[in-house]
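For reference, the chains in residue letters:
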Amino acid sequence: MAADKATLEGRVAFVTGAARGQGRAHAVRLANEGADIIAIDVCRPVDDTITYPAATPEDLAETVSAVEATGRKVLAREVDIRDLAAQQQVVADGIEQFGRLDIVVANAGVLSWGRIFEMSPEQWDTIIDVNLNGTWRTIRAAVPAMIEAGNGGSIIIVSSSAGLKATPGNGHYSASKHGLVALTNALALEVGEYGIRVNSIHPYSIDTPMVEPEAMAAVFAKFPSYLHSFAPMPLHPVGADGQRGLATFMSPDEVSDVVAWLAGDGSATLSGSQIAVDRGVMKY
Ligand SMILES: NC(=O)c1ccc[n+]([C@@H]2O[C@H](COP(=O)([O-])OP(=O)(O)OC[C@H]3O[C@@H](n4cnc5c(N)ncnc54)[C@H](O)[C@@H]3O)[C@@H](O)[C@H]2O)c1
């Protein structure tokens, strides 16, 4: 029945980067659908090369309140996804409290700007270490526990439009997000026999603190030829709020609609898929 396929009642979801932005929206949405939540975030700056403000412990506390307001339970902890042991510990603690693990949303990530042949090793290493190596550590911590729980499940890996096409000016980010496609698809083949599905999502232009229009504008002013590699802002497709046809950022909630669908049984036939969440603009 369609209604049964929509519900996540009785399931448990592990969401990384959950203090704010898309991660918070996903945690709250999955809780609204009935899941208990294990929420982690680093809640501090990960490196000097990341220039936008970092999430804070207060941000994570706000996520906790929002999840609790849905009536679901939440285990939240300040954990860096570069730390495998800490992720294994929080997964073990979550399973002890909630009994199982069904859903992983590997969402934590960072962004910086610079040309590949000019950036510092620190800038390159930070992006690869968080976005690619850290996401592998999330998978490494969660998958054995999911297999052990024996309930199958769904893993959603948050890549980017930059994981599907080259983006000059942030080639290290693009390399990390392309790496997540390979991680997604190889993992999908490895865990299918355990009833676990793995898909990646590829958002573009979501309204969160990571996206600094001024930083992007500065890159395009300095290197105007890069502009052609970036799709225009998504056009709003629905008219209910009077925004139809306007170019707008998308909201984290709109991405959560896709995450909730991928988490649930309504997407049971999908594994090893790359889902663009971009209102079609990457086709330009
Ligand atoms: N905003 C966009 O337009 C956009 C587009 C495509 C993909 N993405 C991806 O979406 C994901 C979420 O980003 P967002 O837009 O919500 O930005 P955001 O900066 O608001 O959220 C990212 C969260 O991840 C956390 N985080 C960063 N490094 C971490 C680490 N090492 N360990 C644990 N937590 C860490 C941050 O503290 C923050 O709370 C990222 O993977 C990002 O690359 C964003």
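Conventions adopted
- Residues numbered from 1 in each chain as written.
- Predicted model: local features only at pLDDT ≥ 70, side-chain atom pairs only at ≥ 80, totals over all residues.
- Heavy atoms only, no water.
- Phe/Tyr/Trp six-rings, centres within 6.5 Å; stacked < 30°, edge-to-face > 60°.
- Helix = DSSP H or I, 4+ residues; strand = E, 2+ residues; numbered from the N terminus.
- Buried < 20%, exposed > 50% of the residue type's maximum accessible area, 1.4 Å probe, protein only.
- Pairing = 2+ DSSP bridges.
- Axes fitted to C-alpha atoms, helices over the stretch in contact; angles between N-to-C directions.
- Contact = heavy atoms within 4.5 Å.
- Polar contact = N/O pair within 3.5 Å; in protein donor to acceptor, adjacent residues only side chain to side chain.
- Left-handed = near helix turned anticlockwise from the far one by under 90°.
- Nonpolar A, V, L, I, M, F, W, Y, C, P; charged D, E, K, R; others polar.
- Near = heavy atom within 4 Å.
- Salt bridge = Lys/Arg side-chain N within 4 Å of Asp/Glu carboxyl O.

Asker: Tell me what's going on with the packing of aromatic side chains, and back it up with residues and numbers.
Answerer: This structure, assessed with the given rule, holds three aromatic pairs. Their ring planes at 40° and their centres at 6.1 Å tell us that Trp113 and Phe230 sit as a pair that is tilted. Here Trp113 is found in the loop between β4 (103–106) and α5 (121–149), whereas its partner Phe230 is found in the loop between α7 (213–222) and α8 (252–263), with 117 residues between them in sequence. We classify Phe230 as buried; its relative accessible area is 13%. Ring centres of Phe223 and Tyr226 lie 4.9 Å apart, and the angle between their planes is 25°; this geometry places the pair in the stacked category. A relative accessible area of 15% means that Phe223 is categorised as buried. Joined through ring pairs, the aromatic side chains of Trp113, Phe220 and Phe230 make up one cluster.

Asker: Please set out the pairing of β4 residue by residue, giving values where relevant.
Answerer: The alternating pattern of β4 places Ile103 and Val105 on one face and Val104 and Ala106 on the opposite face, and all of these are buried. Where β4 meets strand β5 (residues 153–158), four bridges bridge the pair, whose relative direction is parallel. Bridge pairing in β5 places Ile103 opposite Ser154.

Asker: I'd like a rundown of the sheet that holds strand β1 (residues 12–16), residues and numbers included.
Answerer: Spatial strand order, β3-β2-β1-β4-β5-β6-β7: seven strands in an open sheet with parallel pairing. Across the chains shown, the open sheet's two edge strands, defined by having one partner strand only, are β3 (74–78) and β7 (274–277). This sheet shows a mean twist of 15° between the axes of neighbouring strands, independent of strand direction. Strand direction decides the pairing type here: strand β6 (residues 196–203) and β7, joined by four bridges, are parallel. Across the sheet, Pro203 pairs through a bridge with Val277, a residue of β7. Across the face of the sheet, helix α4 (residues 84–98) comes into contact with β1, β2 (36–41) and β3 while running at roughly 165° to β3. The strands touched by helix α6 (residues 171–191) within the sheet are β5, β6 and β7, with β6 carrying the most contacts at an inclination of about 160°.

Asker: Tell me about the side chain of Asp80, residues and numbers included.
Answerer: Along the chain, the position of Asp80 falls in the loop between β3 and α4. At 2.7 Å, the side chain of Asp80 and the side chain of Arg82 are in polar contact.

Asker: Got a sec to walk through the environment of Arg44? Specific residues and values, please.
Answerer: Along the chain, the position of Arg44 falls in the loop between β2 and α3 (57–69). By relative accessible area, which is 45% here, Arg44 ends up partly exposed. Remark: the alpha-carbon pair of Arg44 and Pro57, spanning 13 residues in sequence, is separated by 7.8 Å.

Asker: Let's hear about unusual backbone geometry: which residues, and what values?
Answerer: Its identity is not glycine, yet Ser205 carries a phi of approximately 60°, on the positive side. By the element assignment, Ser205 lies in the loop between β6 and α7. Taking relative accessible area as the criterion, Ser205 reaches 13% and is therefore assigned buried. The phi dihedral of Arg279 is positive, around 55°, even though this residue is not glycine. Its place among the elements puts Arg279 in the segment after β7. Under the relative-accessibility criterion, Arg279 is labelled partly exposed at 23%.

Asker: Could you give me a rundown of the packing of α4 against α5, with the residues and numbers involved?
Answerer: At a minimum axis distance of 9 Å, the contact between α4 and α5 shows a crossing angle of 35°. Read as a crossing pair, α4 and α5 show a hand that is right-handed. Across from Leu84, Gln87, Gln88, Val91 and Ile95 in α4, the residues of α5 making contact are Gly134, Arg137, Thr138, Arg140, Ala141, Ala142 and Ala145. For the contact of α4 with α5, a count of residues per class yields six nonpolar, four polar and two charged.

Asker: Lay out the site of the ligand in plain terms, naming residues and giving numbers.
Answerer: The environment of the ligand is formed by 29 residues, the closest being Asp41, Asp80, Asn107, Tyr173 and Thr208. The separation between a nitrogen atom of the ligand and a polar main-chain atom of Val42 is 3.2 Å. Ser205 has a polar backbone atom sitting 3.4 Å from an oxygen atom of the ligand. Mapped onto the shell around the ligand, the elements with two or more residues apiece are α2 (21–32) and α6.

Asker: Talk me through the pattern of salt bridges; I want residue IDs and the actual numbers.
Answerer: Scanning the entire structure with this criterion turns up twelve salt bridges. Measuring nitrogen to oxygen at the nearest pair gives 4.0 Å for the salt bridge that ties Asp36 to Lys73. Placement of the pair is Asp36 in strand β2 and Lys73 in the loop between α3 and β3, with a sequence separation of 37 residues. Classification of Asp36 by relative accessible area gives buried; the value is 7%. Taking the shortest distance from any N to any O, the salt bridge between Glu254 and Arg279 comes out at 2.7 Å. Here Arg279 lies in the segment after β7 and Glu254 lies in helix α8, a separation of 25 residues in the sequence.

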